[in-house]
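Read off the chains here:
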Amino acid sequence: AFNVAMAAGRPVVALKAPGAADMIEPGKNGLLASDANDPADLAARMAEMVEHPDKRAEMGAYARKWVQQFDLGPVAESLEALYMQTARMADEEPI
């Protein structure tokens, strides 16, 4: 779900937990609440996003760019090109 929000240009606010901590760079593409047992900490991070629209927009733009590294489109295009090249080579020099 984080990657979908980021792809839409939205910074993420989450609890610091495995997975979230791997994807969120605090202050760059979102914010992490440091204590899962402290709902006030999570609420404070959410309030920070609401109270600072310029910061939120900047983090959202960074999030959109950051998540593009996981786009499979370029990988699929490279694999297709390799497949087509291999198929042409096989047509030219039968085994």
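Along each chain, numbering runs from 1 in the same order as the chain's sequence is written. Only residues with pLDDT of 70 or above have their local features reported here, since the model is predicted, and side-chain atom pairs are shown and tallied only from 80 upward, although totals for entire chains, interfaces and linings are computed over all residues. Side-chain figures throughout are based on the complete set of non-hydrogen atoms in the structure, without hydrogens or water.

Visitor: Can you walk me through the nonpolar core in this structure?
Guide: Soluble globular proteins tend to bury their nonpolar side chains together. What makes a nonpolar core is a set of buried Ala, Val, Leu, Ile, Met, Phe, Trp, Tyr and Cys residues whose side-chain atoms join them at distances within 4.5 Å. A 1.4 Å probe rolled over the protein chains alone gives each residue an accessible area, and that area as a share of the maximum for its type sets the label: buried under 20%, exposed over 50%, partly exposed in between. Listed in full, the nine residues of the largest apolar core are M6, V12, A14, A20, I24, L32, A63, W66 and V67. Going along the chain from the N terminus, every DSSP run of H or I of four or more residues is numbered as a helix, and every run of E of two or more is numbered as a strand. Only β1 (12-15) and α4 (53-67) provide two or more residues apiece to this core. In terms of residue count, the dominant contributor to this core is α4 (three residues). Aside from chain neighbours lying at most four places away, what touches W66 is M6, D22, M23, E25 and N29. The contact criterion used throughout is that any non-hydrogen atoms of two residues lie within 4.5 Å.

Visitor: Sorry, what's going on with the pattern of salt bridges here?
Guide: Pairing is possible between side chains of opposite charge, provided their charged atoms come close. Any Lys or Arg side-chain nitrogen found within 4 Å of a carboxyl oxygen on Asp or Glu counts as a salt bridge. With the rule as written, the count across this model stands at four salt bridges. Measuring nitrogen to oxygen at the nearest pair gives 3.0 Å for the salt bridge that ties D41 to R45. Linking D41 with R45, this pair stays in helix α3 (residues 39-51), spanning four residues, or about one helical turn. The exposure class assigned to D41 is buried, which follows from its relative accessible area of 10%. Look at the salt bridges and you will find they share partners, linking D41, R45, E48 and K55 into a network.

Visitor: What should I look at first to understand α4 in this one?
Guide: Because an α-helix completes one turn every 3.6 residues, residues spaced three or four positions apart along the sequence face the same direction. Expected helix span is computed as 1.5 Å times (number of residues minus one). Taking 1.5 Å per residue, 15 residues should reach 21 Å; α4 reaches 21 Å between its end C-alpha atoms and fits that length. Within α4, burial applies to M59, G60, A63, W66 and V67. On an axial view of α4, the arc spanned by its buried residues comes to 125°, and they lie on one face. Residues of α4 that are exposed and angled more than 90 degrees away from the buried face: D54, A57, E58 and K65. On its buried face, α4 is in contact with α1 (2-7), α2 (20-23), β2 (30-33) and α3. Arc, as used here, means the arc of the directions from the helix axis to the C-beta atoms.

Visitor: Looking at this structure, I do not really get α3. What am I missing?
Guide: Compared with the 18 Å implied by 1.5 Å per residue over 13 residues, the 18 Å span of α3 between its first and last C-alpha is a close match. Every buried residue of α3 is accounted for by D41, E48 and M49. Buried positions in α3, seen along its axis, are confined to an arc of 100° and lie on one side of it. Residues of α3 that are exposed and angled more than 90 degrees away from the buried face: P39, A40, V50 and E51. Considering only its buried residues, α3 is in contact with β1, β2 and α4.

Function cannot be inferred from these measures alone, as they are strictly geometric.
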